[in-house]
Amino acid sequence: MKKKKILLMLTFIWLFVLCFPSACAAESMDDLQVYSQDTKVEFLINAGIPGDFLNLRSTDDINTLYDLAQTHTLQYAVEQGSYSDFEGGNSFFGTIPESDMILSVHKIETQTPPLPGTRSRIDSILIYVDYAWTYGHPAVCNEDSITVNWDSSLFQFVGGTFSSADYWSVGGEGGIKQTVNSQENPARLNQGGLGYFAMLSNTHALGGPVQCSGSAGFLLEAKSTIYVGSSRRTSINVEYTHNKNPLPGSISLSYNGIGVSVNPGVLQDSVAKPIRIEYSS
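Residues numbered from 1 in each chain as written. Predicted model: local features only at pLDDT ≥ 70, side-chain atom pairs only at ≥ 80, totals over all residues. Heavy atoms only, no water.

Please explain helix 3 (residues 59-69) as it appears in this structure.
The periodicity of an α-helix, 3.6 residues per turn, causes residues three or four positions apart to be oriented the same way. Residues Asp 61, Ile 62, Leu 65, Leu 68 and Ala 69 constitute the buried set of helix 3. Within helix 3, the buried residues cover an arc of 130 degrees as seen down the axis, which keeps them to one side. (Buried < 20%, exposed > 50% of the residue type's maximum accessible area, 1.4 Å probe, protein only. Helix = DSSP H or I, 4+ residues; strand = E, 2+ residues; numbered from the N terminus. Arc of directions from axis to C-beta.)

Is there a simple way to think about the side chain of Ser 280 in this case?
With respect to the helices, strands and loops of the structure, Ser 280 is situated in strand 15 (residues 268-280). Residue Ser 280 is classed as buried on the basis of its relative accessible area, which comes to 9%. At a separation of 3.1 Å, a polar atom in the side chain of Ser 280 contacts the side chain of Ser 231. Excluding residues that lie within four positions of it along the chain, Ser 280 makes contacts with Arg 119, Ile 226, Tyr 227, Val 228, Gly 229, Ser 230 and Ser 231. (Polar contact = N/O pair within 3.5 Å; in protein donor to acceptor, adjacent residues only side chain to side chain. Contact = heavy atoms within 4.5 Å.)

Looking at this structure, how should I read the packing of aromatic side chains?
The relative placement of two aromatic rings is captured by the distance of their centres and the angle of their planes. Applying the stated criterion across every chain, the model contains 9 aromatic pairs. Summarising the aromatic geometry, the rings of Phe 157 and Phe 218 are spaced 6.0 Å apart at their centres and angled 50 degrees between planes, so their arrangement reads as tilted. With Phe 157 in strand 6 (residues 155-157) and Phe 218 in strand 11 (residues 211-222), this residue pair connects regions lying 61 residues apart in the sequence. Phe 157 gets classed as buried once you look at its relative accessible area, which sits at 18%. A relative accessible area of 3% means that Phe 218 is categorised as buried. Between Phe 162 and Tyr 196, the ring centres sit 5.3 Å apart and the planes meet at 65 degrees, which makes this aromatic pair edge-to-face. Of this pair, Phe 162 sits in the loop between strand 6 and strand 7 (163-170) while Tyr 196 sits in strand 10 (residues 193-199), placing them 34 residues apart in sequence. There is no split in this pair, since Phe 162 and Tyr 196 are both buried. Every member of this aromatic cluster is reached through a ring pair, and the members are Trp 150, Phe 157, Phe 162, Tyr 196 and Phe 218. (Phe/Tyr/Trp six-rings, centres within 6.5 Å; stacked < 30°, edge-to-face > 60°.)

Would you explain the nonpolar core in this entry?
Note that soluble globular proteins tend to have their nonpolar side chains buried in a common cluster. The biggest cluster of nonpolar side chains holds 38 residues, and the ones touching the most others in it are Tyr 131, Trp 150, Phe 155, Phe 218 and Tyr 240. In terms of residue count, strand 4 (residues 121-133) provides more of this core than any other element does, 6 residues in total. Each residue touching Phe 155, except ones within four places of it in the same chain, is listed here: Ile 125, Trp 150, Gln 191, Leu 220, Glu 221, Ala 222, Lys 223, Ile 226, Thr 234 and Ile 277. Counting 15 residues, the second-largest nonpolar core is a separate cluster that includes Ala 69, Leu 74, Tyr 128 and Leu 219. (Core = buried A, V, L, I, M, F, W, Y, C linked by side-chain atoms within 4.5 Å.)

In this structure, what is going on with the confidence of the model for the protein? I would like to understand it.
Should the pLDDT be low somewhere, the predicted coordinates at that spot are not to be read in detail. The predicted model of the protein averages 84 in pLDDT, with 80% of residues at 70 or higher. Below a pLDDT of 50 lies the segment residues 10-33, which in the model reaches 1 contact outside its immediate sequence neighbourhood of four places, other chains included. (pLDDT = per-residue confidence, 0-100.)

Please clarify how the state of the cysteines should be interpreted in this entry.
Each disulfide is one covalent bond, formed between the sulfur atoms of two cysteines. This model, assessed by the stated rule, comprises 0 disulfides. Its sulfur unpaired, Cys 141 is 5.1 Å from the next cysteine sulfur, which belongs to Cys 212. Using a relative accessible area of 0% as the deciding quantity, one classes Cys 212 as buried. (Disulfide = S-S within 2.5 Å.)

I keep staring at unusual backbone geometry and nothing clicks. Help me out?
Among all residues except glycine, the phi angle is most often negative; among peptide bonds, the trans geometry is most common. Cis geometry is adopted by the peptide bond preceding Pro 138, which originates at His 137 and carries an omega value of -5 degrees. Its location among the elements puts Pro 138 in the loop between strand 4 and strand 5 (143-149).

Is there a simple way to explain the pattern of salt bridges in this structure?
Opposite charge on two side chains permits them to pair, given that their charged atoms come into close proximity. Overall, the coordinates contain 7 salt bridges when judged by the stated rule. Glu 109 is paired through a salt bridge with Lys 107; the nearest N and O atoms lie 2.9 Å apart. Of the two residues examined, Glu 109 and Lys 107, each falls in the buried class. Arg 276 is paired through a salt bridge with Glu 278; the nearest N and O atoms lie 3.2 Å apart. On the basis of relative accessibility, which here comes to 49%, the residue Arg 276 falls in the partly exposed class. (Salt bridge = Lys/Arg side-chain N within 4 Å of Asp/Glu carboxyl O.)

Would you explain the environment of Ser 201 in this entry?
Within the fold, Ser 201 resides in the loop between strand 10 and strand 11. Ser 201 gets classed as buried once you look at its relative accessible area, which sits at 10%. If we skip the residues at most four places from it in the chain, Ser 201 touches Cys 141, Trp 168, Val 210 and Cys 212.

Mind showing me how you'd approach the environment of Arg 57 here?
As for its position among the elements, Arg 57 is in the loop between helix 2 (51-55) and helix 3. Excluding its chain neighbours within four sequence positions, the residues that come into contact with Arg 57 are Ile 62, Tyr 128, Asp 130 and Ser 215. Within the structure, the side chain of Arg 57 is placed 3.5 Å from the backbone oxygen of Phe 53, a separation counted as a polar contact. There is a polar contact of 2.8 Å between the side chain of Arg 57 and the side chain of Asp 130.

Below you can see the structure in the form of structure tokens.
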């Protein structure tokens, strides 16, 4: 009887020893993944990418930036706000005031570090577009449009790199944030531009006012060899168009030469931002 008890106890200990390392290993792997992501963010901050910008990016965005930073120098810049504080009011066409919505355009140049006797190249440019309406704005919530246009003689869109998402938030900081619309392809794509839509709402299913926001990103690559410098300039132009027509209908996009533009409509407000790129040939 005593032998049986001892044998049973030894069997239990043996099974515990076999299972315990597996549990530890799984826990360690989870910890390693979290630690790895935090380490990537810290690495990017040390490389000059602002933490506030990184907080808006997805895990895939962070991984892409981290991988690029292993072989390139990353040069960050941002254009934020609107051209003016003109209140559109009841006019057919107005500028969206900063008190209602902030539009931010970010660029990250991937620059190849120069070898002795050579110049640093601009290989590609990551473009990120963020918008954020204040709570209770806009009054009319349908689909809005965002267009981005660039110099097609210098840059070309890299297929499979576009993504966008729209969010509805309630409860302020630390409240509920819900992804309501995500896209893996732009609605319109041309040699020198693209366009996509943003989905808005002014009430949440849980009740209360909503803050509408959204982010999009994609990659442009240089079509020929260009270098870091300031002897030449170009810009990438972003325009957000808000449909404030309460009647049914939506904003439409069309091809405009080699770019993409919004078809004129009744009761539209907009704000445009350029992000400048300096280079040398």
